[in-house]
Amino acid sequence: MLTSLLAWPGKSPRDEGGVFHPAAYHMLDVAAVAVELLAVPGLGPGHTLARDARDALVLLTALHDLGKINPRFRAMLLQGDSQGTKRHWEVSEAYLCASDIQRDLAAHLDCSRFALEPLASATAGHHGRPARIDKQSLKELVAGQGAGALDDARALVAALCALWPDARLTGWSAAQARALSWWFAGLVTVADWIGSNPDWFAPCAPGPDLAAYWRMAQTRAAFAVTQTGLLPPGVVDRALFDFALRPMQQAASRVPLPDGPTLVFVEDETGAGKTEAALILAQRMLLAGHGAGLFFALPSMATADAMFARVEQQIGRMFVAPPSLALAHGRAALSARFRALRDRAAVSDDVVCGEWIGDNRRRALLATIGVGTVDQALLAALPTRFATLRHWGLAGKILIVDEVHELGDAYMDEELRQLLRLHAMAGGSAILITATLPRHQRMALAQAFAQGAGQAMPIDDDPAYPALTVAGGAALRDFPPRLAEKGVVGIERLGSVEAALDCLAEAAGRGVACVWVRNAVDDAIAAREALRARGIEADLLHARYALCDRKRIEARQMARFGRDGDDRAGRVLIGTQVLESSLDLDFDVMISDLAPMAALIQRAGRLWRHMARRPAPDRPVPAPVLHVVSPDPAQVEDARWLQALQPGGAFVYPVADQWRTADTLFRAGQIVAPADLRGLIEAVHGTEPGPIPTALDAAEQEADGERMARASHGRQNVIKLGEGYRGGGGGEDDREYPTRLGRETRTLLLLRPDHTPWAQEAGASMIEREALSEVSVAASRLRGLNLPGGDDPAWRALTADWPGWRRASVTPCVVGDDGVIVPGLRYRADTGLILG
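In what follows, the accompanying structure is described. (Residues numbered from 1 in each chain as written. Predicted model: local features only at pLDDT ≥ 70, side-chain atom pairs only at ≥ 80, totals over all residues. Heavy atoms only, no water.)

Taken as a whole, this structure holds two cavities of 30 Å³ or more when the rule is applied. Space inside the largest cavity adds up to approximately 80 Å³. Classifying every residue of the lining of the largest cavity gives seven nonpolar, four polar and one charged. In this structure, the second largest cavity encloses a volume near 40 Å³. Together, Val-515, Val-517, Leu-579, Glu-580, Phe-587, Met-590, Arg-603 and Arg-606 line the second largest cavity. Listing elements by their share of the lining of the second largest cavity, those giving two or more residues are strand 12 (514–517) and helix 24 (578–581). Classifying every residue of the lining of the second largest cavity by side-chain character gives five nonpolar, no polar and three charged. (1 Å grid on protein atoms, 1.4 Å probe; cavity = no way out; pocket = protein on both sides within 12 Å on 5 of 7 lines; lining within 4 Å. Points joined across faces, edges and corners; volume = space filled by probe spheres on them. Nonpolar A, V, L, I, M, F, W, Y, C, P; charged D, E, K, R; others polar. Helix = DSSP H or I, 4+ residues; strand = E, 2+ residues; numbered from the N terminus.)

Written as structure tokens, this is what we have:
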């Protein structure tokens, strides 16, 4: 019988003429990896399970590729035949859920088939998505394998059960199994990836019996897991910072932390040291066993890159040995810092990013320390391919969501709630950092986390600010009264664009560092051209640049307006929302288009920011003033109240929110931080905002309807936790289930007249140069333009080797020497993409 079982191949030879690795051996390789991962404290809930339940998970992991006992699969490996429409992992599910094997296995594990099925489906669905086959079709799939294959599969299951005689799921309910299935599917995926690496698990010709090979696999797995970068080093119980702690940081060092899944809100003004407070909390949580690593989730790639730079320098102090560190977002490969980290990993005595983690974007979430966009985490809560892998990577980490107020969009809010439920359900803990989160959103997030953790619903709705709040637990709000280092920020309304230009011209003439934050790219470009017409040079920064140019401009602005910047006297920067949080900049004079209160408070955080570096006596203006370009809120004739001042930006935000902001802020005449911030935020973003002019009622009703539709869309899109991985998950492409809703965009690949990429970075590969040459724009803005397409021979030549999805979403565009792409579309390195 052993000879028959080992005759089923599992892996192709590494080299021509080499040996086939038997499926049974491979299944034991993967099970051995699972043993190693389940033994690590902090990597999700597996370590907390009873020994018999852990053995059951290891046995089920071994059965992940039972479907390779399959004539079609064998013919595919040996003769190159087609596997057919059903893949081997679907055959695994058929064996485990629709044959006598299910009865045998349930009897061995001492559980009902209802408790077994969610976990069996999870181990079978280790290729990133669950099976979508009904019960009758599964039975037919079993029958199609033939009696010989089914007999061998059943015999192999019996042999594997003998290796784990004490494996039990006694007393497990179907609901309990469905809840664990999300995490378990991710565990099997990771174990399969490691166990399939031929460098660590070299092919072995049939020979050793299963018990002998199991001992060999355990030795190999113990070594392999040490090479992956998954094993977290120990945490050091020592001070992370050598400076005097600020009030919020002191609170983080002393707030009582409960056992079990923990959610903490860190609420304080911009520049108050919230990130350092979160690191102090995270260190305490790791020491208390709340996780084994950290994942920093940021609102944008720019903020993720900035956080990565900070973490790379600081995080090593938290551990006894260098932790693995990875950057996780769609452009991580273009980060010079991340590339340098990967290149030096082999010899580094600081943070590292080994080859196994660094060469695959999905594995970035498996590093002990991950930094990335919040989208990478939110994908765990959407029915996308390998969502459970993301969940497994996050489950063993303290999830730190920075700028959580940036996720106030109703669609993203629903995603974040589901992510917190999922994270808490796996025993995870989280820290949410914010300056402007409304109270009702804080309550909703806390309730979602409590639902996932099976805790009592928190009802704390205290309006105190600043505040450090453990959801359902302790809260520290007794901060000593203080005034922001910059003092009171004055508010001045500018009633016209000309007034804003006059203000900038006068201030720049006196050597003042100035910024104007506009709500739309076209308005920002127009403002810069208007300043140039007055003989005043200004830099421009927005989201409509090729990535190479945006990175260059950001670096120049950081060198000028950053904490240690120089050559700032008389300089002017015109930008858009990318300035709200992406870059740590400091200006003497700020002008902003009217925007909702939360956005204005964030923008004001870049006004007189680094007071220790540039104290008030050294500033060229006597006090910080936020100049807001806005019509008079007392004079509203119709819903077009804002359009004259913001031709392009009037529709970026709900007009009712903007009117309430103008009315509240101009009546206050100042921002006293942090004392006034809660009241200002709630006046606009709270559950009971004040009345608005009748002329804006229809616009608000439309905005409310849109908000409810987006929330409904979010609830519809997220995974259905109660149904388990098979019923509530999916394997869809990320593009089908986006993390953000918005207008359809089109990506333009900018090329020079010789058809080489616009980016000319030395040392970059062609793929990297192409990625650095891309710029995205709303598809609606390109309608009517004669862009190159499939009828253009040059276009066909350029895209001949592209996959279909890339041809459908990316358009190569040659930029002429004069900047013209086609009539109505131009590009310049200093201005970006210009339409019209």
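Past the structure itself, the notes keep going.
Quick look at the sheet that holds strand 12 now. Strand order in the open sheet formed by seven strands is 13-14-12-15-16-11-17, and the pairing between neighbours is mixed. Of all the strands in the sheet, just strand 13 (539–541) and strand 17 (670–671) have a single pairing partner and so form its edges. Alignment of strand 12 against strand 15 (residues 589–593), held across four bridges, turns out to be parallel. The residue bridging Cys-514 from the neighbouring strand is Val-589, located in strand 15. (Pairing = 2+ DSSP bridges.)

The subject of this paragraph is the nonpolar core. Ranked by internal contacts, the top residues of the largest apolar core, which has 166 residues, are Leu-66, Leu-105, Trp-164, Leu-294, Phe-296, Ile-431 and Leu-468. By size, the runner-up hydrophobic cluster in this structure holds 96 residues, among which are Ile-525, Ala-546, Phe-561 and Leu-748. (Core = buried A, V, L, I, M, F, W, Y, C linked by side-chain atoms within 4.5 Å. Buried < 20%, exposed > 50% of the residue type's maximum accessible area, 1.4 Å probe, protein only.)

In this structure, Ala-340 sits in helix 15 (residues 336–344). Under the relative-accessibility criterion, Ala-340 is labelled partly exposed at 36%. For the pair Ala-340 and Leu-798, spaced 458 residues apart in the sequence, the C-alpha separation amounts to 31 Å.

In this section: the packing of helix 3 (residues 51–62) against helix 7 (residues 113–124). Remark: helix 3 packs on helix 7, axes separated minimally by 9 Å, with the N-to-C direction vectors making an angle of 45°. Overall, the two elements helix 3 and helix 7 adopt an arrangement that is oblique. Note on packing geometry: the crossing formed by helix 3 with helix 7 is right-handed. Of the residues in helix 7, those touching helix 3 at Leu-57, Leu-60 and Thr-61 are Leu-116, Leu-119 and Thr-123. Of the residues in the contact of helix 3 with helix 7, the class split is four nonpolar, two polar and no charged. (Axes fitted to C-alpha atoms, helices over the stretch in contact; angles between N-to-C directions. Parallel < 35°, antiparallel > 145°, perpendicular 65-115°, else oblique. Left-handed = near helix turned anticlockwise from the far one by under 90°. Contact = heavy atoms within 4.5 Å.)

What follows is about the pairing of strand 3 (residues 263–267). Burial of strand 3 is extensive: five of the five residues sit out of reach of the surface. Of the two faces of strand 3, both are covered, the one formed by Leu-263, Phe-265 and Glu-267 as well as the one formed by Val-264 and Val-266. Bridge analysis of strand 3 against strand 8 (residues 429–434) gives five bridges, and the strand direction is parallel. Across the sheet, the residue bridging to Val-266 is Ile-433, located in strand 8. Summarising the sheet, strand 3 and strand 9 (residues 467–470) pair through four bridges and their orientation is antiparallel. Counterpart to Phe-265 in the pairing with strand 9 is Thr-469.

These results come straight from atomic positions and should not be treated as a statement about function.
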